[in-house]
Structure formats: structure tokens, C-alpha cells
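Fold and contact review
In case you want the letters, here they are:
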Amino acid sequence: MRAAQRLRDAGLKVAEQPGWKERGKSNFGPAKGVMCHHTAGAKNGVMPSLNVVTNGLPTLPGPLSQLGLGRDGTYFVIAAGRANHAGRGNWQGVTSGNTSFIGIEAENCGTQEDFPWPEVQMDAYRRGVAAILTKIGADAKMCCGHKEYALPRGRKPDPLFNMSTFRAEVAAIMMRAGSRVSSSH
């Protein structure tokens, strides 16, 4: 996963975590999309859930996503391989979420008290997803929320923002970036 450089190229802040290149199972990819999550962690701090997302829980081994997204817009690169973030589900016919989607766990406690999300974080979320989808050759429809992918329906609530609006914003970023590339040739 070359996400770290792709995110930097998009002008985003990136913090590579020690051991990320070796973390995660090797049976990942090719990536077909991005799955958006929220951590349901603490309300304060940039990325207080980093340890849990990296190392997992007693009931679910880590990593729990390839990327973490702090409240200040910093992307934490956690794993290059497969992460345990998706579970059972389906999005656009893809049912192998853990091996087919790059997971982003964004720091948010997942309640109305932590809404709206900080704009710096949402801006980074949109631009980061756009950069990753562009890199893997997918369009914005291949970005889903965990709540949209998870089966049975209603099993997961994250993330707590409107995914249709989010995808439209990601698509607009991708279109602007594509027009800049094509107009420079």
C-alpha cells in the first residue's frame, strides 16, 4: 500500500506508525475501494484510539484498519496488509471487505455530542479518500460507510454523516484533480 505517499501528494498530513509496512495479513488486495468508519473512542484528543486500531481488542486482533484519521486531519498509516475492519457485508457486489477495501478509522466518539465533525478532519477525509480512489483506479461509488456495507442492515452505525453527500464531495474533488492533470498536458 503506497497510501502514505499518495496522501502526502494530496497535501495531507501523514504520520507513519512504526512497523506499518509489516502489519496486517498478506492476503490483502487488490484494493477495490475505501470503507469509512468512526472509532467510537474518546471525545478528546487527536487520535486516542490509535493503540486499539493498531493492536486490536481481546475479541478482534489488530490492525482494525489500514489508516487512522485524527481530529486534526492527520492520517496515521497503521498497516499495509489486510485489516479486520469490515466483517460480513456487501457494497457494489464486493463481499470480501477486509481483503478488498482500505479501511479508514476516523477519530470520533460516534454520538450526537461529537457532531458535526471538525471541518479540518472532514476536509482531510474527503481529500484522502479521493486520493486513494484515484490511485486504485476506482470512482467515488467505491467509497462506502461501514453502515452501508455491514450485514445484516443496521448492524453498524458508522460513520455518523451522510455518505451520499460525502461521495458527491469526493467525486467533485476527483473531477477537479483530473481536470488539473489533463489540462497540464
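I will try to describe carefully the structure that is included in this document.

Things to note about the pattern of salt bridges
- Tallying each qualifying case throughout the model produces eight salt bridges.
- Between Glu 119 and Arg 126 there is a salt bridge, with the nearest N and O atoms lying 2.4 Å from each other.
- Under the relative-accessibility criterion, Arg 126 is labelled buried at 12%.
- Between Arg 126 and Glu 169 there is a salt bridge; the shortest N-O distance is 3.5 Å. Remark: Glu 169 occurs in helix α6 (residues 163–183) and Arg 126 occurs in helix α4 (residues 119–136); sequence separation between them is 43 residues.
- A single salt-bridge network, built from bridges that share partners, covers Lys 43, Arg 71 and Asp 114.

A look at the nonpolar core
- By size, the foremost hydrophobic cluster in this structure holds 42 residues, and its most contacted members are Tyr 75, Ile 104, Tyr 125, Val 129, Leu 133 and Phe 166.
- Per-element accounting of this core gives the leading share, seven residues, to α4.
- Filtering out sequence-adjacent residues up to four positions away, Val 129 remains in contact with Val 34, Cys 36, Tyr 75, Ile 104, Cys 143, Phe 166 and Val 170.
- The next biggest cluster of nonpolar side chains, apart from the first, holds seven residues, and it includes Met 47, Val 53, Phe 76 and Ile 78.

Rules used in this analysis
Residues numbered from 1 in each chain as written. Predicted model: local features only at pLDDT ≥ 70, side-chain atom pairs only at ≥ 80, totals over all residues. Heavy atoms only, no water. Salt bridge = Lys/Arg side-chain N within 4 Å of Asp/Glu carboxyl O. Buried < 20%, exposed > 50% of the residue type's maximum accessible area, 1.4 Å probe, protein only. Helix = DSSP H or I, 4+ residues; strand = E, 2+ residues; numbered from the N terminus. Core = buried A, V, L, I, M, F, W, Y, C linked by side-chain atoms within 4.5 Å. Contact = heavy atoms within 4.5 Å.

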